[in-house]
Amino acid sequence: MEKKENNRKLRVCVATCNRADYSKLAPIMFGIKMEPEFFELDVVVLGSHLIDDYGNTYRMIEQDDFDINTRLHTIVRGEDEAAMVESVGLALVKLPDVLNRLKPDIMIVHGDRFDALALATSAALMNIRILHIEGGEVSGTIDDSIRHAITKLAHYHVCCTRSAEQHLISMCEDHDRILLAGCPSYDKLLSAKNKDYMSIIRMWLGDDVKPKDYIVALQHPVTTDIKHSIKMFELTLDALISFNKRTLVLFPNIDAGSKEMVRVMRKKGIEHHPNFRAVKHVPFDQFIQLVAHAGCMIGNSSCGVREVGAFGTPVINLGTRQIGRETGENVLHVRDADTQDKILQALHLQFGKQYPCSKIYGDGNAVPRILKFLKSIDLQEPLQKKFCFPPVKDNISQDIDHILETLSALAVDLGGTNLRVAIVSMKGEIVKKYTQFNPKTYEERINLILQMCVEAAAEAVKLNCRILGVGISTGGRVNPREGIVLHSTKLIQEWNSVDLRSPLSDTLHLPVWVDNDGNCATLAERKFGQGKGLENFVTLITGTGIGGGIVHQHELIHGSSFCAAELGHIVVSLDGPDCSCGSHGCIEAYASGMALQREAKKLHDEDQLLVEGMSVPKDEAVGALHLIQAAKLGNAKAQSILRTAGTALGLGVVNILHTMNPSLVILSGVLASHYIHTVKDVIRQQALSSVQDVDVVVSDLVEPALLGAASMVLDYTTRRIY
């Protein structure tokens, strides 16, 4: 990687226009200065660096002990669109003389400012090689267009992220002339937080301010929609005043609209408000300490979505100026706001949080990579570019509008009699429910499921519910990894080897989860019920059949062939009644709704079911509820049958306690409350003393199957929990 042209030094011109780009260029300048055997450094200062209203920030370049070769006054005041154009024109008039005098081999240009466009245009037309820092990124306003225009003028590119690299490639830039280095400012950021910071906080915010208890606000005009950006700034200040936390407000940059934003600050008395400190400039070393220890940063500066992620500080990104930027999970977007309420809600969500530190934009080693890249440049190579056309990747990030919607799931419950679909919110509220009879054939059933889900999804939009996916609870043995019903119960016909995931996912364009009803009821308890927060518990579902689910070390157990927790088929008697599974003596053969119905019919056929106060209409089938009613009214035989059923269930629970040793057993389903006391009696009589203290409770969930189906979606699709 030595010099290619007679081993002479590479003459590098670094041109800096404002405080923001200097924070990225300074680490490179220090690196170049440290290697005088390879490089000669010329520094050109222009733009807002030289304006008193913006802090005369050229002084920090002098304080860093750099010799400024040229100062160019290029800003035409006015802070409107015409002034920006005139400033570019003035720079284009003045730069040729400077470049002719310095004769650099390469000019380093940063970012996306209008001053940088003038620099790149001048250098390109004078056949000076251009190294562009931070090309390939995506954001809002006119900066996006300027950045890409500079990319087309530049000969070499230093980008910060993998996506930016792919964007550059898709913009036809030569891959061999692109360096993925990371952001140069991260070389300083990642070692900054442990330095003394309390004196800096006191200097800028006052002696009574504590770390994580203040806000840093930095908002610039959006040149493509100045009127709206000023309105957004006004709402931001209103929200900050209402939020009532000490806030450091930095003046906006010199873009068109900045003068109006300053007027808004003064109209609201920000410079004299006791909660605010309004400043034109903070030295970068001090600024990074302030944002590193802030409770939140708010505004639309690229610093918020880029550098602040290195500290995990919460950020609220306002408006469209940074739309499309890659962001860490610390950034919450407020794209639009009609009142201060949305911004205020975002402040309540973000303030005081601590997120994981993000290294999306760098790992602290950008400068060594850039210097090595500079040394590899062959000045004998022609300036002509090569081109290629690869694809570009999209970037997706969180948005406050999505969070303020009701995050919801479509839950489907396939029962033996009914087919139910519900919209279920993150809190477990059933927003709307639809019920139809479950058809007898596969084709009718799958068509009805699709129809009901499509209708529910359309209704969800009207109800302001964002559907994250579909969860399906069904009887039988299910492969949840593939979304396939392997074998169904006898209650649901034509329901074996059925792929439920594919047709629903293809129709709704949503992810789909499938599991059996026992597991779903258990998931419902884990997320919304009495199993919430428990590491180990078991759920037993008492309904038409007997099912269940096991949570061990916070995870649902499916088993090697997806038939774990078939608790209804624990054998409690070697010579018990026949079970639907083909065996006999199972819990289900004693305690299920079908078993109780069988015994109720026997009593009814022998005229031993009905007692005084009871009647069964001729057109009504005798069932479990009639047996329970008879027992309550004193029918001794009905009471004996229920006691036997409860004992069988209790013996099953004892086996579970001895096998799994859970911390809780939850009885769910319509029969649970009728069995609970008998089950506890059996545990006291039959269980080992070491497990007799395990609590057995009745579930308080009304719709466990639907809630469990929804929980599969809500647990796996949400990345952020408030």
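The shown structure was predicted, so the numbers you read here are calculated from the model rather than taken from an experiment.

**Let's talk about the pattern of salt bridges**
In the structure shown here, the tally under the stated rule is 36 salt bridges. Residues R71 and E62 are paired through a salt bridge, measuring 2.3 Å at the closest nitrogen-oxygen approach. Across the salt bridge formed by E137 and R306, the nearest N and O atoms sit 2.4 Å from each other. Placement of the pair is E137 in the loop between β5 (129-133) and α5 (141-153) and R306 in the loop between α12 (302-305) and β12 (315-318), with a sequence separation of 169 residues.

**Quick notes on the sheet that holds strand β3 (residues 70-72)**
The seven strands are arranged β3-β2-β1-β4-β5-β6-β7 in an open sheet whose pairing can be described as parallel. Both edges of this open sheet fall to β3 and β7 (178-180), since each of them pairs with a single strand only. On average, each strand axis in the sheet is tilted by 20 degrees relative to the strand beside it, whichever way the strands run. Sheet topology places strand β1 (residues 10-16) next to strand β4 (residues 106-110); three bridges connect them, and they run parallel. Paired with C13 across the bridge in β4 is M107. Running over the sheet, helix α1 (residues 19-33) touches β1, β2 (39-46), β4 and β5 and is turned about 160 degrees from β1. Docked against the sheet, helix α6 (residues 162-170) engages β6 (156-159) and β7, running at close to 170 degrees with respect to β7.

**Focus on a negative patch on the surface**
A surface patch of like charges, here negative, comprises D80, E81, E86 and E260. The topology assignment puts E260 in helix α10 (residues 258-267).

**Observations regarding the UniProt feature "binding site: an N-acyl-D-mannosamine" (unreviewed entry) in the chain**
Taking the UniProt record as the reference, the feature "binding site: an N-acyl-D-mannosamine" (unreviewed entry) is found at R477, T489, D517, E566 and E588. Looking at the element boundaries, T489 is found in the loop between β19 (484-487) and β20 (498-499).

Rules and cut-offs
Every residue gets a number counted from 1 within its own chain, in the order that chain's sequence is written. The model is predicted, so local features are restricted to residues of pLDDT at least 70 and side-chain atom pairs to those at 80 or more, both for listing and for counting; the totals for chains, interfaces and linings are taken over all residues. Hydrogens and waters are ignored; side-chain quantities use all the structure's heavy atoms. Any carboxyl oxygen of Asp or Glu within 4 Å of a side-chain nitrogen of Lys or Arg constitutes a salt bridge here. Secondary structure counts use DSSP, requiring at least four H or I residues in a row for a helix and at least two E residues in a row for a strand, with both numbered from the N terminus. Strand pairing is assigned whenever DSSP detects at least two bridges linking the two strands. Here an axis means a line fitted to C-alpha atoms, over the contact stretch when the element is a helix, while the angle between two N-to-C directions is reported on a 0 to 180 degree scale. Whether two residues touch is decided by their heavy atoms; if any such pair falls within 4.5 Å, the residues are in contact. For patch detection, residues must exceed 30% relative accessible area and be free of salt bridges, and they are connected within 9 Å for like charges or within 5 Å for nonpolar side chains (Val, Leu, Ile, Met, Phe, Trp, Tyr). All accessible-area figures derive from a Shrake-Rupley calculation using a 1.4 Å probe, and residue coverage is judged against the displayed protein chains alone. Charged residues are defined here as Lys and Arg on the positive side and Asp and Glu on the negative side; His and the ends of the chain fall outside this count. The atoms used to mark charge sites are NZ of Lys, CZ of Arg, CG of Asp and CD of Glu. UniProt positions are given in the numbering used here, feature names are shortened, and annotations may be inferred rather than shown by experiment.

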